[in-house]
Structure formats: C-alpha cells, structure tokens
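Observations on chain architecture
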Amino acid sequence: MNNYKIYFFDASSAGSAAAKPYKKRPRGSAILAVPGMLGLILPVIIAIIVPSMLGYVKKSKTSSAHATASSAYKAANTALVELDEKDIDVYGSYIISSDPSKNYNVDLDVDEFYETMDMYFSDIYNTQYFVVCEDGMCVFAAVIDSTGYVGTYDYDLGIDTEGKDLEELYEEALDKLY
C-alpha cells in the first residue's frame, strides 16, 4: 500500500509557502445538518402556504355557490317568461322557494313553475333556494349548495348578503319586498 500524503500550500501566511498536510473533514455533521435545516425551514413554509391554500378553497367554493345562484336566477326568469307566454299571470311581488312552506304571496301555479324551472336549472333538487320576483321577473336569487356554501345573485333588490345564511337572506328579502 502506498503511503502518499496530500499537501496543499497555505497562501495566507505572508512570505511562506510551507506545505501542510491535508486533513479530512468529518462528514457526519453534514448528514445531520440537512434534516436539521429542513426541520427549521419546513414548518415556516407550511405555516405560510397552508392558510393561503385554505383561503383559495373557500373563495372557490363561494364563487361556485354564486354561479349556482346565477343559474337559479336565469332559470327562474326563463320559467316566468314561459308561464307568461301560456297566459299565466306572473306579475306581482312574491317569493318562490324550494321549500313550498316558504312561498310568499304567490298567485301562480307553483307546481308548473317548478316543472318549468327544472328544465333550466339542473341543480334544482340538490340545492335549497328561493327567488324573489317582482312585476314578472326575478330580481334576486339565493341558494345553499350541496357543499353548504351560500350564493346569491342580486339584480335589483339591494340586499346586503355578506356573511348571511339562507334563512337570514330570506327574512331580509321579505322585509325588502314589503
């Protein structure tokens, strides 16, 4: 076996270029340093990313609920137009709900309204909703979708919808209507 030593020159000593033997560094500390650094950095990264991702999910589900409310609004207006074409009086101020016990001041055939709305609103059986109608057109729609998020579409009623559940929105719609 060869007994060669590796030398390097230390240029930090002014004027001397003495050769010093190379010493191997211990490598075990590097193996412990990487997990240690990950253990310090990873929780910080997770603490920053997780809340922002949760906020994104909530905004996405709320946006989806608002889109469902828009669909209910459009389906209700289409149903009202079709009923009007059949010479059914759709004028007046009333509320039609997915829960028939909450229908308010409705003079038209609600079953026919439900059937007509079913053709245009595919989520009619998966959501709870109510629509506010005035003078033959829908002016407000509110839904709570299958994920439990409330969505609204306000054409002309002027209801403050922020942070309210479906029951609170219904009560406020009643107040605005009369």
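Residues numbered from 1 in each chain as written. Predicted model: local features only at pLDDT ≥ 70, side-chain atom pairs only at ≥ 80, totals over all residues. Heavy atoms only, no water.

Ordered in space as β3-β4-β5-β6, the four strands form an open sheet in which the pairing is antiparallel. If you trace the sheet from one side to the other, it starts and ends with β3 (93-97) and β6 (150-154), each paired once. Neighbour-to-neighbour, the strand axes of this sheet turn through a mean angle of 15°, independent of strand direction. As defined by bridge partners, strand β4 (residues 128-134) adjoins strand β5 (residues 137-144) across seven bridges and the pair is classed as antiparallel. If you follow Val 131 over to β5, its bridge partner there is Ala 141. Strands β3 and β4 of the sheet are contacted by helix α2 (residues 110-120), whose axis makes an angle of about 60° with β3. Of the strands in this sheet, β3, β4, β5 and β6 are in contact with helix α3 (residues 166-177), which crosses β4 at around 10°. (Pairing = 2+ DSSP bridges. Helix = DSSP H or I, 4+ residues; strand = E, 2+ residues; numbered from the N terminus. Axes fitted to C-alpha atoms, helices over the stretch in contact; angles between N-to-C directions. Contact = heavy atoms within 4.5 Å.)

It is worth spelling out the pattern of salt bridges at this point. Under the counting rule described, the total for this entry stands at three salt bridges. As a salt-bridge pair, Lys 86 and Glu 112 come within 3.2 Å of each other at their nearest N and O atoms. In this pair, Lys 86 is assigned in the loop between α1 (28-85) and β3 and Glu 112 in helix α2, connecting sequence segments 26 residues apart. Here Lys 164 ties to Glu 172 by a salt bridge, and the two come within 2.3 Å at their closest N and O atoms. Overall, Lys 164 belongs to the partly exposed group, its relative accessible area being 22%. (Salt bridge = Lys/Arg side-chain N within 4 Å of Asp/Glu carboxyl O. Buried < 20%, exposed > 50% of the residue type's maximum accessible area, 1.4 Å probe, protein only.)

Moving on, we get to unusual backbone geometry. Its identity is not glycine, yet Asp 87 carries a phi of approximately 65°, on the positive side. In this structure, Asp 135 is a non-glycine residue whose phi angle is positive, near 50°.

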